[in-house]
Amino acid sequence: FLGSSLGGHLPGGNRGEPPRCLAPGAFAGRPEPARGRVGEAAAMAMMSVVAGVKEYIQAMVDRISGMKVLILDSETVGIISMVFSQSDILRHEVYLTENIDAEGFFEQEEKMRHMNAVCFLRPTNKNFLKLSQELKNPKYNEYYIYFTNVVPHHRLEQLACCDEHEVVQQVQEFYADVFAVGHDLFSLNLPSTARLTEDRNTWSSYEEVVFERMLEGLLSVCLTLRVVPAIRYTGSSQLTRQVAERLQVRIQEEQSLFETIERERKGEGAPVLLLLDRRNDPVTPLLNQWTYQAMLHELLSMDNNRIDMSKVPNIRPELEMIVMSPSQDPFFEENILANFGDLGNNIRKYVEDYQKQTKNTAKIESIEAMQQFVDQYPEFRKLSGNVSKHVAVVHELSRLVEANQLLDASHLEQEIACTDNRQEHFKSVMDMIKGDKVTPFQRLRLVLLYALKYEGDQSIPKLKQELLNKGIGQDQVAHVDQLLRYAGQHVRSVDLFQNKSWTSYAKSTITRQIQGVENVYTQHKSHLQGVADSLMKGRLKESTYPFVESYRSTPASREQKVTRAIVFVVGGTTYEEARDIAELNKAAEGGRSIVLGGTTIHNSRSFLTDVAQLNMKSGIE
């Protein structure tokens, strides 16, 4: 690009390689963007997606001094918001944020030559066209362009031709191309991937774009976490095999990016990227959840760590839209895996601590009383707005649990998922369908779980008919057959249901001390938990989860314990699986060693909505 280029090092100081900047004043030969990398210590030692993405973005905004504007697209807005709050961004002298996808972006006639623009964009065809249009008539003094992934050469040439005013000072690739939900959890925000399971010859352009986005996200996360992985996939899944083989080709094509990554030491197993297929475990996304983060998504729905509370009865205006980010909210980080009863106790302790400070003697014995206390004492909200946010959220969760009779439904779900007793399960499900305790969606969910457990049994049509008798629409009941086509026994390569006695689970029931929070069960362990545990211990069968053929290793190295792994679920992961991975990481000797990712993070409704795409039906009512 024309204009002067910036030198210096990328994130991590002298730990990173210097950027390969473009020649000043001319566009000589094939243009190359400078390529960024995060520091070895930041991403490799901690295996933290948040730390890796945050370091890239911090370096990006810190390198240009003075007042600046941040130009983002619809995806990078979310990528940044997952790791930086608005006040964090302001501290880096970013005084204006613009979205290149906004309708009025090109209609602004005012030039702001006193400000420099930092562009953080995904390298999509649409973004190159819009950026070219902006450079032809620039609003700002200088432009520093950062792409979240590898940029095709012809696109750089296109931008160079449009830089007639010589305003572009730098172009770089910073591989922050995933949504960092937590240190060991990331998403690609691709909610609809079910049709990728169909014959590739039937894919539309949408499926092709989604498949390519998956590859870009996985390439990016490998670079962010500084790993050169041995890639394994689900042997029974043609889709995960396609992703694995194509990703291996991409890594080889971009070999120069991986050359500086420190390889495993002698005697250590290579880092592994394991690709799983959602169809092997359709049960986990259907279950009610009882840990904080998972409950939030199941009952209130989280989108980029944000929750819309505007429809909550009597909600205060400042709480209509809230952020629940473990990297920005210490209380949430501390309680993210807390079960519902412990969560109520922990919030009560916060409120009681405040009472001691103010010598307030109001007695708090339930979640309802806690909410009333917060409402009656506005000064408490000022002193501890974050805690009052959590009080409001837990109050709403408690209301939904009671209003929808979720404890009764969840108890039966756990029995179906974890024990084998067809006759008793049929009677219990039928009774719950006929009764008036649970919602229509809870009735449907129980039949779905029963159909997966006892597929082919003659009792399933009777349950479907009873759903129709209760006024549940034919399009909703059709989800039973759709789910069996998507993830029935003919698709699954594992024994998802194993005969277990309920007694062994009941021994570990959780006790509660606070009124308003009942005893709940969280005994179900996801299939992914067992697979990840076997992987780290070097016991995962290669016949079931093969390596990509081009992976070169000795039989001994294939059986070694794995020290670092990325587990990625094609078709979407869940917060229950994130909980299981977090527990494995807590127990690991070297600290966090597994990072979980998915095309999206499902709750039960989003999962069924995706499955419904196979018939192009409407989603869940």
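This text goes with the structure placed above it.
What counts and how
Residues numbered from 1 in each chain as written. Predicted model: local features only at pLDDT ≥ 70, side-chain atom pairs only at ≥ 80, totals over all residues. Heavy atoms only, no water. Salt bridge = Lys/Arg side-chain N within 4 Å of Asp/Glu carboxyl O. Buried < 20%, exposed > 50% of the residue type's maximum accessible area, 1.4 Å probe, protein only. Helix = DSSP H or I, 4+ residues; strand = E, 2+ residues; numbered from the N terminus. Expected span 1.5 Å × (residues − 1). Core = buried A, V, L, I, M, F, W, Y, C linked by side-chain atoms within 4.5 Å. Contact = heavy atoms within 4.5 Å. Pairing = 2+ DSSP bridges. Axes fitted to C-alpha atoms, helices over the stretch in contact; angles between N-to-C directions. Parallel < 35°, antiparallel > 145°, perpendicular 65-115°, else oblique. Left-handed = near helix turned anticlockwise from the far one by under 90°. Nonpolar A, V, L, I, M, F, W, Y, C, P; charged D, E, K, R; others polar. Phe/Tyr/Trp six-rings, centres within 6.5 Å; stacked < 30°, edge-to-face > 60°. Lys NZ or Arg CZ within 6 Å of the ring centre and 35° of its normal. Arc of directions from axis to C-beta.

Participant: Help me out: how do you make sense of the pattern of salt bridges in this one?
Facilitator: Pairing between side chains of opposite charge can happen when the charged atoms of each approach one another. Counted by the stated rule, this structure contains 31 salt bridges. Glutamate 198 is the partner of arginine 195 in a salt bridge, and the nearest nitrogen-oxygen pair spans 3.4 Å. Under the relative-accessibility criterion, glutamate 198 is labelled partly exposed at 28%. Arginine 250 serves as the salt-bridge partner of glutamate 212, at 2.7 Å between the closest nitrogen and oxygen. Of the two residues, glutamate 212 sits in helix 7 (residues 205–224) while arginine 250 sits in helix 8 (residues 238–253), which places them 38 residues apart along the sequence. Using a relative accessible area of 31% as the deciding quantity, one classes glutamate 212 as partly exposed. Here arginine 250 falls in the buried class, since its relative accessible area comes to 9%.

Participant: What am I meant to see in helix 25 (residues 575–587) here?
Facilitator: For an α-helix, 3.6 residues make a turn, and residues three or four places apart therefore share a direction. In a regular helix each residue adds 1.5 Å, so 13 residues correspond to 18 Å; helix 25 covers 18 Å between its end C-alpha atoms and thus fits that length. Within helix 25, 10 of the 13 residues are buried, which leaves it mostly tucked inside the rest of the structure. Listed in full, the buried residues belonging to helix 25 are Tyr575, Glu576, Glu577, Ala578, Arg579, Asp580, Ile581, Ala582, Leu584 and Asn585.

Participant: Whenever I open this one, the nonpolar core confuses me. Can you help?
Facilitator: In a soluble, globular protein the nonpolar side chains are often hidden away together inside. Met60 and Leu296 are the most contacted members of the largest nonpolar core, which totals 118 residues. The element best represented in this core is helix 7, accounting for nine residues. Contact partners of leucine 296, with chain neighbours within four places excluded, come to Ser301, Met302, Ile307, Met324, Phe332, Val393 and Leu397. Listed in part, the 40 residues of the second largest apolar core include Leu287, Ala417, Leu449 and Leu463.

Participant: What is the right way to read the sheet that holds strand 8 (residues 185–187) from this model?
Facilitator: Taking strand neighbours across the sheet as the criterion, the six strands line up as 7-8-15-13-10-9 in an open arrangement whose pairing is mixed. Every other strand in the sheet has two partners, leaving strand 7 (179–182) and strand 9 (230–233) as the edge strands with one partner each. Taken over all neighbouring pairs, the strand axes of this sheet differ in orientation by 20° on average, direction set aside. Across the sheet, helix 2 (residues 49–62) touches strand 7, strand 8 and strand 15 (594–598), and the angle it forms with strand 7 is around 135°.

Participant: Sorry, what's going on with unusual backbone geometry here?
Facilitator: Outside of glycine, negative phi angles account for most residues, and trans bonds account for most peptide bonds. A positive phi angle, near 70°, is found at asparagine 305, a position not held by glycine. Tracing the chain through its elements places asparagine 305 in the loop between helix 10 (292–300) and strand 11 (306–308). Residue asparagine 305 is classed as buried on the basis of its relative accessible area of 3%.

Participant: Quick question: what am I supposed to make of the packing of helix 5 (residues 125–136) against helix 6 (residues 153–162) here?
Facilitator: Two packed helices can be described by the angle between their axes and the distance between those axes. Contact geometry for helix 5 and helix 6: axes closest at 8 Å, N-to-C directions at 15°. On the basis of the axis angle, helix 5 is roughly parallel to helix 6. Pair helix 5 / helix 6 crosses with right-handed handedness. In this structure, helix 5 uses Asn125, Phe128, Leu129, Leu131, Ser132, Leu135 and Lys136 to contact helix 6, whose residues at the interface are Arg155, Gln158, Leu159 and Cys162. Considered class by class, the residues forming the contact of helix 5 with helix 6 number six nonpolar, three polar and two charged.

Participant: It is not clear to me how the environment of arginine 200 should be interpreted in this structure. Could you clarify?
Facilitator: Here arginine 200 lies in the loop between strand 8 and helix 7. Along the sequence, arginine 200 and leucine 239 sit 39 residues apart, while their C-alpha atoms lie 9.1 Å from each other. Aside from chain neighbours lying at most four places away, what touches arginine 200 is Glu208, Phe211 and Gln242.

Participant: Please explain the packing of helix 18 (residues 440–453) against helix 21 (residues 479–487) as it appears in this structure.
Facilitator: Helix 21 packs onto helix 18 with a crossing angle of 40° between their chain directions and a minimal axis gap of 10 Å. The angle between helix 18 and helix 21 falls in the class oblique. Here the hand of the crossing between helix 18 and helix 21 comes out right-handed. Residues Leu444, Val447, Leu448, Ala451 and Leu452 of helix 18 form the contact with helix 21, whose participating residues are His479, Val480, Leu483, Leu484 and Ala487. Its residues assigned to classes, the contact of helix 18 with helix 21 shows nine nonpolar, one polar and no charged.

Participant: When you look at the packing of aromatic side chains in this model, what are you seeing that I'm missing?
Facilitator: Aromatic ring pairs: the centre-centre distance and the angle between the two ring planes describe each pair. This structure, assessed with the given rule, holds 12 aromatic pairs. Plain terms: the ring middles of phenylalanine 128 and phenylalanine 147 are 5.0 Å apart, the flat faces sit at 40° to each other, and that makes the pair tilted. One end of the pair, phenylalanine 128, is in helix 5; the other, phenylalanine 147, is in strand 5 (residues 143–147), with 19 residues separating them in the sequence. Exposure remark for phenylalanine 128: the relative accessible area of 1% places this residue in the buried category. What makes phenylalanine 147 buried here is its relative accessible area of 0%. With a centroid separation of 6.3 Å and an interplanar angle of 65°, the aromatic rings of tyrosine 486 and phenylalanine 607 are classed as edge-to-face. Here tyrosine 486 is found in helix 21, whereas its partner phenylalanine 607 is found in helix 26 (residues 604–612), with 121 residues between them in sequence. Chaining the aromatic ring pairs together yields one cluster made of Tyr56, Tyr146, Phe174 and Tyr175. Residue placement shows lysine 54 over the ring face of phenylalanine 84; its charged tip is 5.6 Å from the ring centre.

Participant: Please clarify how helix 23 (residues 527–536) should be interpreted in this entry.
Facilitator: Along helix 23, the positions that sit buried rather than exposed are Leu528, Val531, Ala532, Leu535 and Met536. For helix 23, the angular spread of buried residues about the axis comes to 130°, placing them on one side. Lining the buried residues of helix 23 we find strand 9, strand 10 (272–277), strand 13 (565–570), helix 25 and strand 15. Of the residues trailing helix 23, glycine 538 is marked for its positive phi of about 75°.

Participant: What is the right way to look at the pairing of strand 13 in this model?
Facilitator: Consecutive residues of a regular strand have side chains that alternate between opposite faces of the sheet. Of all the six residues making up strand 13, six are buried; the element is thus mostly covered by neighbouring parts of the structure. Here strand 13 shows a buried face lined by Ala565, Val567 and Val569 and a second buried face lined by Ile566, Phe568 and Val570. Two strands pair when backbone bridges link them, and strand 10 and strand 13 are joined in this way by six bridges, in the parallel orientation. Each residue of the ladder has a partner; that of leucine 276, found in strand 13, is valine 569. Pairing of strand 13 with strand 15, which is carried by five bridges, proceeds in the parallel orientation.

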